[in-house]
Amino acid sequence: MRKLTLFAALLFSSTLSFAQKGLEIGVEFTPAVTFILNDDDFAEGDNLNFRGTFGFNTGLSLGYNFNDGIGIASGVLFSRQGQNYITDYAGVSKANQDVFARQLGYIRVPVLLKFNGDPTASSSSYFRIGPHFDFLRSARFTYDDKSILNIDADYNLLKDSPFDGYDIYNKFVFGVTLEFGGTANINETTKFTFMLHLSGNLNSEDLDAALIYPSQVILSAPFVERQPAYNVMGGLNVGFRYTIPMD
(Lines give C-alpha, C1' and ligand atoms only; values in the text may rest on other atoms or scores of the structure.)
Protein backbone atom coordinates (compact mmCIF):
# COMPACT_ATOMS: atom_id res chain seq x y z
CA MET A 1 0.00 0.00 0.00
CA ARG A 2 2.84 2.34 0.88
CA LYS A 3 4.51 1.70 -2.50
CA LEU A 4 1.22 2.30 -4.31
CA THR A 5 0.74 5.58 -2.47
CA LEU A 6 4.28 6.68 -3.31
CA PHE A 7 3.76 5.78 -6.97
CA ALA A 8 0.52 7.78 -7.09
CA ALA A 9 2.22 10.78 -5.49
CA LEU A 10 5.08 10.68 -8.00
CA LEU A 11 2.65 10.34 -10.89
CA PHE A 12 0.63 13.32 -9.67
CA SER A 13 3.80 15.37 -9.18
CA SER A 14 4.99 14.55 -12.70
CA THR A 15 1.61 15.46 -14.19
CA LEU A 16 1.57 18.78 -12.34
CA SER A 17 5.15 19.66 -13.25
CA PHE A 18 4.33 19.35 -16.96
CA ALA A 19 0.82 20.81 -16.84
CA GLN A 20 2.16 23.99 -18.41
CA LYS A 21 4.37 22.30 -20.98
CA GLY A 22 3.37 23.56 -24.39
CA LEU A 23 3.21 26.45 -26.83
CA GLU A 24 2.44 29.86 -25.33
CA ILE A 25 0.84 32.52 -27.53
CA GLY A 26 -0.29 36.03 -26.66
CA VAL A 27 -0.33 39.74 -27.25
CA GLU A 28 1.55 42.42 -25.32
CA PHE A 29 1.91 46.17 -25.05
CA THR A 30 4.68 48.14 -23.35
CA PRO A 31 4.31 51.92 -22.93
CA ALA A 32 7.74 53.29 -22.08
CA VAL A 33 10.04 56.27 -21.70
CA THR A 34 12.89 56.18 -24.21
CA PHE A 35 16.33 57.75 -24.49
CA ILE A 36 19.14 57.98 -27.04
CA LEU A 37 22.31 58.30 -24.95
CA ASN A 38 25.33 59.82 -26.65
CA ASP A 39 28.38 61.53 -25.13
CA ASP A 40 28.53 64.17 -27.88
CA ASP A 41 24.92 65.14 -27.21
CA PHE A 42 25.54 65.43 -23.45
CA ALA A 43 28.48 67.78 -24.16
CA GLU A 44 26.36 70.23 -26.16
CA GLY A 45 25.25 72.29 -23.17
CA ASP A 46 22.60 74.91 -23.96
CA ASN A 47 22.50 73.80 -27.60
CA LEU A 48 20.89 70.50 -26.65
CA ASN A 49 18.69 69.68 -23.67
CA PHE A 50 16.96 66.33 -23.42
CA ARG A 51 13.16 66.31 -23.12
CA GLY A 52 10.78 63.58 -21.96
CA THR A 53 10.23 61.08 -24.77
CA PHE A 54 7.66 58.30 -24.90
CA GLY A 55 7.65 55.15 -26.99
CA PHE A 56 6.26 51.65 -26.91
CA ASN A 57 6.56 48.01 -27.93
CA THR A 58 3.51 46.09 -29.12
CA GLY A 59 2.79 42.89 -31.00
CA LEU A 60 2.46 39.13 -30.83
CA SER A 61 4.39 36.91 -28.43
CA LEU A 62 5.27 33.26 -28.86
CA GLY A 63 6.89 30.91 -26.41
CA TYR A 64 7.44 27.33 -25.42
CA ASN A 65 7.27 26.02 -21.87
CA PHE A 66 9.57 23.11 -21.12
CA ASN A 67 7.73 22.70 -17.80
CA ASP A 68 5.98 24.87 -15.22
CA GLY A 69 9.14 26.78 -14.37
CA ILE A 70 11.21 27.39 -17.48
CA GLY A 71 10.60 28.23 -21.12
CA ILE A 72 11.66 30.40 -24.03
CA ALA A 73 9.84 33.42 -25.43
CA SER A 74 9.96 35.20 -28.76
CA GLY A 75 7.54 37.02 -31.03
CA VAL A 76 7.27 39.88 -33.48
CA LEU A 77 6.92 43.39 -32.04
CA PHE A 78 6.82 46.91 -33.38
CA SER A 79 9.11 49.10 -31.29
CA ARG A 80 8.93 52.92 -31.29
CA GLN A 81 12.00 54.58 -29.78
CA GLY A 82 13.64 57.99 -29.92
CA GLN A 83 14.60 61.22 -28.20
CA ASN A 84 13.17 64.74 -28.03
CA TYR A 85 15.40 67.81 -27.62
CA ILE A 86 15.12 71.53 -26.91
CA THR A 87 17.66 74.33 -26.76
CA ASP A 88 18.18 76.35 -23.58
CA TYR A 89 19.49 79.68 -24.82
CA ALA A 90 19.70 82.48 -22.25
CA GLY A 91 17.17 85.25 -22.67
CA VAL A 92 14.89 83.15 -24.91
CA SER A 93 11.47 82.03 -23.71
CA LYS A 94 10.70 78.33 -23.72
CA ALA A 95 8.08 78.85 -26.43
CA ASN A 96 10.78 80.31 -28.73
CA GLN A 97 13.49 77.70 -28.14
CA ASP A 98 14.43 75.35 -30.99
CA VAL A 99 12.84 71.92 -30.72
CA PHE A 100 13.83 68.76 -32.55
CA ALA A 101 13.36 65.01 -32.27
CA ARG A 102 14.52 61.62 -33.49
CA GLN A 103 11.81 58.96 -33.82
CA LEU A 104 12.95 55.44 -34.70
CA GLY A 105 10.68 52.55 -35.64
CA TYR A 106 11.91 48.95 -35.46
CA ILE A 107 10.60 45.45 -35.96
CA ARG A 108 11.82 43.67 -32.82
CA VAL A 109 12.38 39.92 -32.52
CA PRO A 110 13.25 38.90 -28.93
CA VAL A 111 14.73 35.55 -27.91
CA LEU A 112 14.23 35.38 -24.16
CA LEU A 113 14.62 32.80 -21.44
CA LYS A 114 11.55 32.95 -19.20
CA PHE A 115 10.79 31.70 -15.72
CA ASN A 116 7.19 31.04 -14.67
CA GLY A 117 5.69 30.84 -11.21
CA ASP A 118 3.08 28.34 -10.03
CA PRO A 119 0.28 28.24 -12.66
CA THR A 120 -2.16 26.72 -10.14
CA ALA A 121 -1.97 29.78 -7.86
CA SER A 122 -4.16 32.84 -8.37
CA SER A 123 -1.00 34.87 -8.99
CA SER A 124 2.65 34.07 -9.50
CA SER A 125 5.98 35.50 -10.63
CA TYR A 126 7.08 35.95 -14.25
CA PHE A 127 10.60 36.82 -15.42
CA ARG A 128 12.21 37.11 -18.87
CA ILE A 129 15.76 37.93 -19.94
CA GLY A 130 17.78 37.65 -23.15
CA PRO A 131 18.78 39.31 -26.43
CA HIS A 132 16.55 41.04 -28.94
CA PHE A 133 17.14 41.96 -32.57
CA ASP A 134 15.84 45.28 -33.95
CA PHE A 135 15.35 45.85 -37.69
CA LEU A 136 14.97 49.51 -38.68
CA ARG A 137 11.73 50.44 -40.45
CA SER A 138 11.68 54.24 -40.11
CA ALA A 139 13.94 57.02 -38.81
CA ARG A 140 12.06 60.30 -38.65
CA PHE A 141 13.94 63.50 -37.83
CA THR A 142 12.06 66.76 -37.14
CA TYR A 143 13.54 70.19 -36.45
CA ASP A 144 11.89 73.56 -35.85
CA ASP A 145 14.06 76.60 -35.10
CA LYS A 146 11.00 78.90 -34.79
CA SER A 147 12.17 80.99 -37.77
CA ILE A 148 12.83 79.71 -41.28
CA LEU A 149 14.25 76.22 -40.81
CA ASN A 150 11.74 73.39 -40.52
CA ILE A 151 12.74 69.79 -41.29
CA ASP A 152 10.58 66.66 -41.27
CA ALA A 153 12.26 63.73 -43.02
CA ASP A 154 12.65 59.97 -42.79
CA TYR A 155 16.39 59.30 -42.90
CA ASN A 156 15.88 55.57 -43.21
CA LEU A 157 14.60 56.05 -46.75
CA LEU A 158 17.50 58.32 -47.75
CA LYS A 159 15.93 59.17 -51.08
CA ASP A 160 15.86 62.94 -50.78
CA SER A 161 18.76 65.35 -51.26
CA PRO A 162 21.04 66.12 -49.50
CA PHE A 163 21.00 62.84 -47.57
CA ASP A 164 20.60 60.34 -50.39
CA GLY A 165 23.46 57.85 -50.44
CA TYR A 166 24.42 58.30 -46.79
CA ASP A 167 24.08 55.74 -44.00
CA ILE A 168 22.60 57.59 -41.04
CA TYR A 169 21.22 54.72 -38.94
CA ASN A 170 22.14 51.06 -38.66
CA LYS A 171 19.53 48.86 -40.31
CA PHE A 172 20.08 46.15 -37.67
CA VAL A 173 20.75 46.68 -33.97
CA PHE A 174 21.43 44.10 -31.26
CA GLY A 175 20.13 44.63 -27.73
CA VAL A 176 19.22 43.04 -24.40
CA THR A 177 15.83 42.86 -22.63
CA LEU A 178 15.11 42.34 -18.92
CA GLU A 179 11.52 42.01 -17.66
CA PHE A 180 10.27 40.97 -14.23
CA GLY A 181 6.92 41.04 -12.51
CA GLY A 182 3.99 38.71 -12.05
CA THR A 183 0.88 37.11 -13.47
CA ALA A 184 -2.82 37.04 -12.67
CA ASN A 185 -3.73 33.45 -13.48
CA ILE A 186 -7.26 32.94 -14.83
CA ASN A 187 -6.54 29.21 -14.91
CA GLU A 188 -3.53 26.97 -15.52
CA THR A 189 -3.37 27.87 -19.21
CA THR A 190 -4.57 31.49 -19.37
CA LYS A 191 -3.03 34.50 -17.63
CA PHE A 192 -2.41 38.23 -17.66
CA THR A 193 1.19 39.35 -17.13
CA PHE A 194 2.51 42.62 -15.71
CA MET A 195 6.24 43.24 -15.84
CA LEU A 196 8.71 46.07 -15.43
CA HIS A 197 10.48 46.34 -18.79
CA LEU A 198 14.09 47.46 -19.25
CA SER A 199 15.92 47.21 -22.57
CA GLY A 200 18.89 48.72 -24.34
CA ASN A 201 20.50 48.59 -27.78
CA LEU A 202 24.05 48.88 -28.95
CA ASN A 203 25.00 51.74 -31.29
CA SER A 204 21.93 52.65 -33.36
CA GLU A 205 23.76 55.15 -35.58
CA ASP A 206 25.78 54.44 -38.71
CA LEU A 207 28.94 56.11 -40.06
CA ASP A 208 27.20 59.21 -41.46
CA ALA A 209 25.17 60.08 -38.34
CA ALA A 210 27.19 63.28 -37.89
CA LEU A 211 25.34 64.70 -40.89
CA ILE A 212 22.31 65.21 -38.67
CA TYR A 213 24.14 66.03 -35.46
CA PRO A 214 21.31 67.83 -33.59
CA SER A 215 23.10 71.14 -32.95
CA GLN A 216 24.44 71.22 -36.52
CA VAL A 217 21.38 70.57 -38.65
CA ILE A 218 23.12 72.20 -41.60
CA LEU A 219 25.37 69.49 -42.99
CA SER A 220 28.54 68.72 -41.08
CA ALA A 221 31.59 67.49 -42.88
CA PRO A 222 31.14 63.80 -43.77
CA PHE A 223 34.32 62.83 -41.94
CA VAL A 224 33.08 64.15 -38.57
CA GLU A 225 32.63 61.24 -36.18
CA ARG A 226 30.08 60.77 -33.40
CA GLN A 227 30.34 58.68 -30.28
CA PRO A 228 28.11 55.57 -30.15
CA ALA A 229 24.41 56.21 -29.50
CA TYR A 230 22.60 53.76 -27.22
CA ASN A 231 18.82 53.37 -27.31
CA VAL A 232 17.32 52.72 -23.86
CA MET A 233 13.71 51.98 -22.83
CA GLY A 234 11.97 51.60 -19.48
CA GLY A 235 8.28 50.86 -19.08
CA LEU A 236 5.54 48.43 -18.07
CA ASN A 237 4.81 45.33 -20.15
CA VAL A 238 1.18 44.21 -20.06
CA GLY A 239 0.28 40.95 -21.78
CA PHE A 240 -2.39 38.31 -22.26
CA ARG A 241 -1.03 34.78 -22.70
CA TYR A 242 -2.51 31.36 -23.38
CA THR A 243 -0.66 28.06 -23.24
CA ILE A 244 -1.67 25.21 -25.54
CA PRO A 245 -0.97 22.17 -23.33
CA MET A 246 1.09 19.29 -24.68
CA ASP A 247 1.37 15.77 -23.33
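Residues numbered from 1 in each chain as written. Predicted model: local features only at pLDDT ≥ 70, side-chain atom pairs only at ≥ 80, totals over all residues. Heavy atoms only, no water.

**Quick look at the pairing of strand β3 (residues 54–65)**
Alright, step 1. As defined by bridge partners, strand β1 (residues 22–37) adjoins β3 across 12 bridges and the pair is classed as antiparallel. Counterpart to valine 27 in the pairing with β3 is leucine 60.
Alright, step 2. The turn joining β3 and strand β4 (residues 70–86), which pair antiparallel and follow one another in sequence, is formed by four residues. (Pairing = 2+ DSSP bridges. Helix = DSSP H or I, 4+ residues; strand = E, 2+ residues; numbered from the N terminus.)

**Section: the nonpolar core**
Alright, step 1. Core analysis: the largest hydrophobic core is formed by 15 residues, its most contacted members being Leu104 and Tyr169.
Alright, step 2. Breaking this core down by element, the ones donating at least two residues are β5 (99–110) and β7 (123–144).
Alright, step 3. It is β7 that contributes the most residues to this core, four residues altogether. (Core = buried A, V, L, I, M, F, W, Y, C linked by side-chain atoms within 4.5 Å. Buried < 20%, exposed > 50% of the residue type's maximum accessible area, 1.4 Å probe, protein only.)

**Describing the packing of aromatic side chains**
The geometry of an aromatic ring pair comes down to the distance between the two centres and the angle between the two planes.
Alright, step 1. In the structure shown here, the tally under the stated rule is 11 aromatic pairs.
Alright, step 2. Relative to phenylalanine 50, the ring of phenylalanine 42 has its centre 5.0 Å away and its plane inclined at 15°; by these criteria the two rings are stacked.
Alright, step 3. Look at phenylalanine 50 and you get partly exposed, because its relative accessible area is 28%.
Alright, step 4. Here phenylalanine 56 and phenylalanine 78 contribute two aromatic rings whose centre-to-centre distance is 6.0 Å and whose plane-to-plane angle is 45°, an arrangement assigned as tilted. In this pair, phenylalanine 56 sits in strand β3 while phenylalanine 78 sits in strand β4, placing the two residues 22 residues apart along the sequence.
Alright, step 5. Phenylalanine 56 gets classed as partly exposed once you look at its relative accessible area, which sits at 25%.
Alright, step 6. Ring-pair connections join several aromatic residues into one group, and the members of that group are Phe42, Phe50, Tyr85 and Phe100. (Phe/Tyr/Trp six-rings, centres within 6.5 Å; stacked < 30°, edge-to-face > 60°.)

**Structural notes on the pattern of salt bridges**
Alright, step 1. The final tally for this structure, using the stated rule, is nine salt bridges.
Alright, step 2. Two residues, glutamate 24 and lysine 191, come together in a salt bridge whose shortest N-O distance is 3.5 Å. Residue glutamate 24 is found in strand β1, and its partner lysine 191 is found in strand β10 (residues 190–203); the two are separated by 167 residues along the sequence.
Alright, step 3. The class for glutamate 24 is buried, based on a relative accessible area of 3%.
Alright, step 4. Beyond isolated ion pairs, a larger network of salt bridges with shared partners links Glu28, Arg128, Glu179 and Arg241. (Salt bridge = Lys/Arg side-chain N within 4 Å of Asp/Glu carboxyl O.)

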